[in-house]
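Per-entry structural report
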Amino acid sequence: MEVKVSVKGIPRVVCGVTEETTCQDVVLVLAQSLGQPGRYALREKFKDFERCMTPDERLLETLKKYGEQAKEVQLSLQHGGVSFDPIYEGSLWAVNKFPN
């Protein structure tokens, strides 16, 4: 399955997402494509609801909870820099190096 994730305002498509794919798997692929190690969070937004997803969360499992409205869920990759909102600090995880 494919999922769309906004990265720096640009929609990216992540292919090969399965029931076993975690948010951390998606973040690693996206961070590797950017070539920028650092701290990242995958954010989920649906209407007025917004939150950072946990690294071990199964992405498709979460999206299935929305039923037919899953297409309205917006996912975005957040890179934790100096100006990153500290309220989300606990949901960030480090991508210090990339697998070969």
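Residues numbered from 1 in each chain as written. Predicted model: local features only at pLDDT ≥ 70, side-chain atom pairs only at ≥ 80, totals over all residues. Heavy atoms only, no water.

Taking an unreviewed UniProt entry as the reference, the chain is identified by name as Ras-associating domain-containing protein belonging to Poecilia mexicana.

**What to know about the pairing of strand β4 (residues 49-52)**
Pairing of strand β3 (residues 38-46) with β4, which is carried by four bridges, proceeds in the antiparallel orientation. Its bridge partner lying in β4, Glu 44 is registered against Arg 51. Connecting the antiparallel pair β3 and β4 is a turn made up of two residues, with Lys 47 showing a positive phi of about 55 degrees. (Pairing = 2+ DSSP bridges. Helix = DSSP H or I, 4+ residues; strand = E, 2+ residues; numbered from the N terminus.)

**With respect to the nonpolar core**
If you look at the biggest cluster of nonpolar residues, it comprises 21 residues, and the most contacted ones within it are Val 3, Val 5, Leu 42 and Leu 59. For this core, the secondary-structure elements that each account for two or more residues are β1 (3-7), α1 (23-34), β3, α2 (59-64) and β5 (74-80). Here the element with the most residues in this core is α1; it accounts for five residues. (Core = buried A, V, L, I, M, F, W, Y, C linked by side-chain atoms within 4.5 Å. Buried < 20%, exposed > 50% of the residue type's maximum accessible area, 1.4 Å probe, protein only.)

**Some points on the pattern of salt bridges**
Inspection of every chain in the model, using the stated rule, returns five salt bridges. Arg 58 is the partner of Glu 20 in a salt bridge, and the nearest nitrogen-oxygen pair spans 3.9 Å. Taken as a pair, Glu 20 in the loop between β2 (10-14) and α1 and Arg 58 in the loop between β4 and α2 lie far apart in primary sequence, 38 residues in all. According to the relative accessible area criterion, Glu 20 is exposed, its value standing at 55%. With a relative accessible area of 30%, Arg 58 lands in the partly exposed category. Overlapping salt bridges, with partners in common, bring together Glu 44, Arg 51 and Glu 57 in one network. (Salt bridge = Lys/Arg side-chain N within 4 Å of Asp/Glu carboxyl O.)

**Quick word on the packing of aromatic side chains**
According to the stated counting rule, one finds one aromatic pair in the structure shown. Ring plane angle 50 degrees and centroid distance 4.8 Å describe the contact between Phe 46 and Tyr 66, whose orientation is recorded as tilted. Here Tyr 66 lies in the loop between α2 and β5 and Phe 46 lies in strand β3, a separation of 20 residues in the sequence. Its relative accessible area of 12% is what places Phe 46 among the buried residues. Owing to a relative accessible area of 17%, Tyr 66 belongs among the buried residues under this scheme. (Phe/Tyr/Trp six-rings, centres within 6.5 Å; stacked < 30°, edge-to-face > 60°.)

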